[in-house]
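Observations on the three-dimensional arrangement
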Amino acid sequence: EVKMSKGIKSADPSAEKIIDWSISEKIETCFDRVEAMKPCPIGETGACCKMCYMGPCRLVGKNAEEEVKGICGASLPTVVARNLVRMIAAGTASHGDHGRDMVFTLEAVAKGETKDFQVKDVRKLYRIAGIIGVEFEGRPVNDVALDVANKFLEDFGRQRGETNYVKRAPQKTQERWKKWGIVPRGIDREIAEAMDRTTMGMDSDPDSLLSHGLRTALANGWGGSMISTDVSDTLFGTPGPVKAEASMGIFKEDEVNIVIHGHEPSLAETIVDIACDPEMLSYAQSKGAKGINLGGLCCTSNEVLMRRGIPTAGGFTNQELAILTGLVEAMVVDVQCIMPAIVEVSKKFHTKVITTSEKAKIPGAQHIQFDEHRARDIAREIIRLAIDNFPNRKAKGSRVTQKYSVIAGFSHEYIEYMQGGRWRASFRPLNDAIMAGRIRGIAAVVGCDNPRVPATGIHKYLVTEFIKNDVLVVTTGCGSQACGVAGFLTPEMALENAGQGLREVCEAIGIPPILHMGACVDNTRILTVATAMAAEGGLSDEIGNMPAVGIAPEWMTEKAISIGCYFAASGVPVIFGGRPPSPIAASQEVIRIMSDVWYERFRGCLIFEPDPEKIFSRTLEFIDNARAFLKLRKYEPGRFGEERVLMDMAARREIEKAERAAKPHIGIY
Ligand code: CUV
């Protein structure tokens with residue numbers, strides 16, 4: 001079913017249905033444009049240098065790559081490395097700014113400048129305060145919040161020293177960063193330096209360039225993004241399991257449908273609140289609608305799905321298609337991953353596209369500027385506008401009725417809690433299950449969906465194969481929506497598809513075999529889990545050498561590159577899939593540094609592999625090699641379940657020995 005046969009544009013059946021209709025109606029979407037647009041063959045491998053205007057230089061030729069040079073003499077490896085570092089800087093800037101906006105909101109709350117938000121999760125605030133050394137006992141909540149906000153703001157502008165959250169990483173991981181000089185200082189400083197180093201006449205040593213790329217990426221992972229996750233949890237609540245729905249069938253014929261799309265949670269959270277307001281409901285009824293129905297797209301969707309159970313229409317490639325249902329009164333967008341194309345598509349329907357960020361305007365869209373100081377008023381204005389648009393809807397019925405149940409909300413706090421309850425919460429059961437081989441390892445299958453491949457198809461293929469082979473899957477970003485719209489985010493998925501060992505664990509704890517952990521910035525939750533597993537003992541004492549792999553099967557954004565790099569620097573082997581070749585394909589030297597050299601230094605790497613089956617086999621290889629390195633029991637398929645009964649004494653002793661060697665639980669959440 002998931003096979004990627006030719007002619008399939010999206011592996012999400014409800015998306016495919018709408019695409020077929022769009023073709024018959026001659027309405028253009030990214031699925032048409034992707035066929036018409038041939039990638040530039042020089043740029044797509046990283047071999048185009050446009051850092052100055054003597055060029056752009058095309059670094060092509062039959063000579064050895066060090067011999068292929070631009071006008072200034074920069075060689076092919078230099079140019080490829082510079083281009084990649086600029087991608088990392090841009091991706092870090094996006095997530096950094098997202099985090100910064102969250103901190104500004106926390107600051108406004110703490111100063112009493114807005115009544116529209118509060119600190120919802122005081123426990124989380126205290127936990128953060130504890131980590132970054134802010135006194136919290138006996139102090140008013142907002143005083144603590146202000147100190148926390150100020151400390152985080154310092155992190156963005158820090159000139160020297162270390163970003164605060166670096167100290168959350170396992171000691172050994174930190175030592176590796178120190179040894180190789182990549183401990184991040186301020187987030188803004190690393191981004192600025194990345195731009196400086198990569199300009200004409202600056203750093204031309206590929207290894208040195210790429211090391212700074214890692215430093216910049218770490219500023220994202222253990223800085224901007226982790227701050228974003230923590231402050232969002234503080235303001236809007238730390239997620240726990242929620243039931244929701246996914247796919248295009250979430251739109252309702254008889255209600256006002258509003259889509260919230262982009263990345264940030266603040267406005268979206270407020271829209272969720274105001275949509276429940278009885279006054280708004282009766283206004284909707286006055287226009288002939290039965291109610292107000294919210295649906296999400298991309299990472300804003302993940303934020304409100306995780307915390308509020310708001311249904312999702314899917315990921316990146318579904319954004320135009322959502323409008324094509326003809327049922328959407330307003331699409332409200334904030335920042336990141338918003339195709340300007342939605343405005344063009346919206347003109348064929350009654351849908352209003354509303355931009356809300358100063359940083360992301362689209363010609364032809366209506367702009368309503370978001371301001372955290374008057375969030376509720378703005379949300380009200382937007383919802384009214386959508387309601388007023390309801391009578392203009394022409395589409396009768398729905399092109400898609402299909403939808404699936406989804407269980408989401410697996411924050412690292414909940415993952416710890418679910419393994420023993422409030423008083424005995426720990427990562428012991430997870431580590432034990434991995435040590436015993438019930439769970440073979442962990443695959444983080446994350447990131448974008450992409451129209452250059454059958455969209456969401458590689459995600460679906462990989463997660464299914466992983467769980468069959470007892471690999472627990474964690475997912476974030478559009479990857480989680482790829483799973484959601486396929487009906488994969490339910491406990492039943494374990495019963496029907498998981499290997500015996502994984503299935504037993506899922507049934508014992510009552511979880512799906514694919515855990516939705518949030519938005520793209522919440523990839524940091526995965527780092528936190530890995531850190532807790534290292535502290536728990538019995539596996540690796542650093543993030544490196546864990547039987548865990550990160551995969552972005554259909555990546556396309558610069559943010560994805562930044563994420564891949566902070567995972568690699570943290571000690572996780574990372575595989576990027578999707579279309580060939582890769583943004584580093586032009587240089588064997590850059591490929592070597594990012595795979596072999598990084599692996600040697602950090603036990604992580606970033607590899608590009610377009611073949612889904614090879615992604616699968618390489619992942620298992622990484623996992624099994626890590627198991628062998630840690631001297632864990634060899635994974636055997638089918639050992640658990642019906643056939644298991646006998647575990648010989650030697651095997652039992654082995655497990656017990658490993659358990660004794662394990663350190664006692666240390667209270668990292
Ligand atoms: Ni940041 S970055 S398409 S929305 S995951 Fe989705 Fe998630 Fe990629 Fe964008």
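Located above this text is the structure these notes cover.
What this report covers is the structure whose coordinates are included nearby. Bear in mind the structure is a predicted one, so any value in this text is a computation, not a measurement. Counting restarts for each chain: residues are numbered from 1 in the order of the written sequence. Confidence filtering applies because this is a predicted model: local features only for residues at pLDDT of at least 70, side-chain atom pairs given and counted only at 80 or more, and all residues used for totals across whole chains, interfaces and linings. Just so you know, side-chain values use all the structure's heavy atoms and leave hydrogens and water out.

**Comments concerning the nonpolar core**
Inside soluble globular proteins, nonpolar side chains tend to come together where they are buried. Spelled out, the test is: Buried residues of nine kinds, namely Ala, Val, Leu, Ile, Met, Phe, Trp, Tyr and Cys, make up a nonpolar core once their side-chain atoms join them within 4.5 Å. Remark: exposure states derive from per-residue accessible area (1.4 Å probe, protein chains only) relative to the maximum for the residue type, with buried under 20%, exposed over 50%, and partly exposed in between. Per the convention used, a helix needs a DSSP run of H or I reaching at least four residues, while a strand needs a run of E reaching at least two, with both numbered from the N terminus. Contact definition: two residues touch when any of their heavy atoms are within 4.5 Å.
Of all hydrophobic cores here, the largest spans 186 residues; its most connected members are Val148, Trp177 and Trp598. Ranked by residue count, the leading element in this core is helix 3 (residues 76–110), at 14 residues. If we skip the residues at most four places from it in the chain, Trp598 touches Leu210, Leu214, Cys565, Ala568, Ile593, Arg603, Gly604, Cys605 and Leu606. Core analysis: the next-biggest nonpolar cluster, separate from the first, contains 34 residues, Ile27, Phe316, Leu321 and Val353 among them.

**Section: the pattern of salt bridges**
Our working definition: Within this document, salt bridges are pairs made up of a side-chain nitrogen of Lys or Arg and a carboxyl oxygen of Asp or Glu, the two lying within 4 Å of each other.
Under the defined criterion, the tally for this structure stands at 47 salt bridges. As a salt-bridge pair, Glu245 and Lys403 come within 3.5 Å of each other at their nearest N and O atoms. Note that Glu245 is positioned in strand 3 (residues 242–246) and Lys403 in the loop between helix 14 (375–389) and strand 9 (404–408), a separation of 158 residues in sequence. Using a relative accessible area of 31% as the deciding quantity, one classes Glu245 as partly exposed. Residue classification places Lys403 among the partly exposed positions, given a relative accessible area of 38%. Ionic contacts of the salt-bridge type, sharing partners, join the residues Lys124, Arg127, Arg168, Asp230, Asp233, Glu303, Arg307, Glu413, Asp522 and Arg525 into one network.

**With respect to the pairing of strand 3**
Quick note on the threshold: One requirement defines pairing of two strands: DSSP has to find at least two bridges between them.
Only one face of strand 3 is buried: it carries Val242, Ala244 and Ala246, and the other face, with Lys243 and Glu245, is open. Bridge count between strand 3 and strand 9: five bridges; the pairing is antiparallel. Its bridge partner lying in strand 9, Val242 is registered against Ala408.

**What about the coordination of the nickel atom of the ligand?**
Counted only if it meets this: Coordinating donors are taken as N, O and S atoms within 2.8 Å of the metal, stretched to 3.2 Å for Na, K and Ca; because water is absent from the atoms, sites can appear incomplete.
Around the nickel atom of the ligand, the donor atoms from the protein are His263 (NE2) and Cys520 (SG), and they sit 2.2 to 2.3 Å away. Taken together, the residues His263 in the loop between strand 4 (256–262) and helix 9 (266–275) and Cys520 in the loop between strand 12 (514–518) and helix 22 (523–536) connect sequence positions 257 residues apart.

**Concerning the sheet that holds strand 7 (residues 352–355)**
Selection criterion: An axis is simply a line fitted to the C-alpha atoms; with a helix, the fit covers only the stretch in contact. Between two such axes, the angle follows the N-to-C directions and lies from 0 to 180 degrees.
Pairing is parallel across the open sheet formed by five strands, whose spatial order is 5-4-6-7-8. On the outer flanks of this sheet lie strand 5 (292–297) and strand 8 (366–367), each paired with one strand and no other. With five bridges connecting them, strand 4 and strand 6 (residues 328–333) associate as parallel partners. Looking at strand 6, one finds that Ile258 is bridged to Ala330. Against the sheet, helix 9 contacts strand 4, strand 5 and strand 6, and its axis sits at roughly 160 degrees relative to strand 5.

**Let's talk about the side chain of Ser570**
Using the following cut-off: By the criterion applied in these results, polar contacts are pairs of N or O atoms within 3.5 Å in which, for protein atoms, one can donate a hydrogen and the other can accept it, and in which residues neighboring in sequence qualify only through two side-chain atoms.
In this fold, Ser570 is placed in helix 23 (residues 558–570). Residue classification places Ser570 among the buried residues on the basis of a relative accessible area of 1%. Looking at Ser570, its side chain comes within polar contact range of the main-chain oxygen of Tyr566, at 2.6 Å. Those residues in contact with Ser570 that sit more than four places away from it in its chain are Thr173, Trp177, Leu218, Trp222, Leu527, Ile543 and Gly544.

**What about the layout of surface pockets?**
The condition that has to hold: With a 1 Å grid spanning the protein atoms alone, the term cavity applies to any set of points in which a 1.4 Å probe fits but cannot get out, the term pocket to an open set with protein on both sides within 12 Å along at least five of seven lines, and the term lining residue to any residue with an atom within 4 Å of a point. Grid points are joined across faces, edges and corners, and a volume is the space filled by probe spheres set on the points. Only Asp, Glu, Lys and Arg are considered charged in this grouping, and only Ala, Val, Leu, Ile, Met, Phe, Trp, Tyr, Cys and Pro are considered nonpolar; every other residue, Gly among them, is considered polar.
Size it by volume and the largest pocket reaches roughly 1200 Å³. What lines the largest pocket is a set of 48 residues, among which Met87, Trp555, Met556, Thr557 and Glu558 lie closest to the centre. Counting residues per element, the ones that place at least two in the lining of the largest pocket are helix 2 (30–36), helix 3 and helix 23. For the lining of the largest pocket, the leading source of residues is helix 3, giving nine residues. Looking at side-chain class alone, the lining of the largest pocket contains 24 nonpolar, 12 polar and 12 charged residues.

**Quick word on the packing of helix 3 against helix 24 (residues 588–602)**
Using the following cut-off: Throughout this description, any angle smaller than 35 degrees is read as roughly parallel, any larger than 145 degrees as roughly antiparallel, any in the 65 to 115 degree range as roughly perpendicular, and the remainder as oblique.
At a minimum axis distance of 8 Å, the contact between helix 3 and helix 24 shows a crossing angle of 50 degrees. Between helix 3 and helix 24, the angle is such that the two are oblique. Seen from helix 3, the contacting residues are Pro77, Val80, Ala81 and Leu84; seen from helix 24, they are Glu589, Val590 and Met594. Classifying every residue of the contact of helix 3 with helix 24 by side-chain character gives six nonpolar, no polar and one charged.

**Points about the sheet that holds strand 15 (residues 605–608)**
The six strands lie next to each other as 12-11-10-13-14-15, forming an open sheet whose pairing is parallel. Here the strands that pair on one side only, and so sit at the sheet edges, are strand 12 and strand 15. Within the sheet, the average angular offset between the axes of one strand and its neighbour, ignoring direction, is 25 degrees.

**What to know about the packing of aromatic side chains**
To keep things clear, this is the line we draw: What counts as a ring pair is set by centres within 6.5 Å for rings of Phe, Tyr and Trp (its six-membered ring), and what kind of pair is set by the plane angle: stacked under 30 degrees, edge-to-face over 60, tilted for all other angles. Placement of a positive charge over a ring is assigned whenever Lys NZ or Arg CZ falls within 6 Å of the ring centre and within 35 degrees of the normal to the ring plane.
Scanning the model with the defined rule gives 13 aromatic pairs in all. Measuring from ring centre to ring centre gives 5.7 Å for Phe576 and Phe608, while their planes differ by 75 degrees; the resulting arrangement is edge-to-face. In this pair, Phe576 sits in strand 14 (residues 573–576) while Phe608 sits in strand 15, placing the two residues 32 residues apart along the sequence. Neither residue differs from the other here; Phe576 and Phe608 are each classed as buried. Sitting over the face of the ring of Tyr283, Arg384 holds its NZ or CZ atom 4.3 Å from the ring centroid. A cation over a ring is seen here: Arg601 above Trp180, with NZ or CZ 4.3 Å from the ring centre.

**Side note on the packing of helix 3 against helix 23**
Where helix 3 meets helix 23, the closest approach of the two axes is 7 Å, and the angle between their N-to-C directions is 100 degrees. Classed by the angle they form, the pair helix 3 and helix 23 counts as roughly perpendicular. Where helix 3 abuts helix 23, its residues Leu84, Met87, Ile88, Ala90, Gly91, Thr92, Ser94 and His95 lie against Glu558, Lys559, Ile561, Ser562, Ile563 and Cys565.

**Concerning helix 7 (residues 187–197)**
Residue pairs three or four apart in sequence face the same way in an α-helix, which turns once every 3.6 residues. Basically, it comes down to this: It is the directions from the helix axis to the C-beta atoms that the arc portrays.
Taken residue by residue, helix 7 has Ile187, Glu190, Ile191, Glu193 and Ala194 as its buried positions. Each buried residue of helix 7 sits inside an arc of 165 degrees when the element is viewed along its axis, so together they form one side.

**Overview of unusual backbone geometry**
In terms of backbone geometry, most residues other than glycine have negative phi values and most peptide bonds are trans. Note the cis peptide between Gly55 and Pro56, where omega equals 5 degrees. Summarising the element assignment, Pro56 is placed in the loop between strand 1 (48–49) and strand 2 (57–58). Pro580 connects to Pro581 through a cis peptide bond whose omega is -5 degrees. Structurally, the position occupied by Pro581 is in the loop between strand 14 and helix 24. For Thr456, which is not glycine, the phi torsion reads 70 degrees and is therefore positive.

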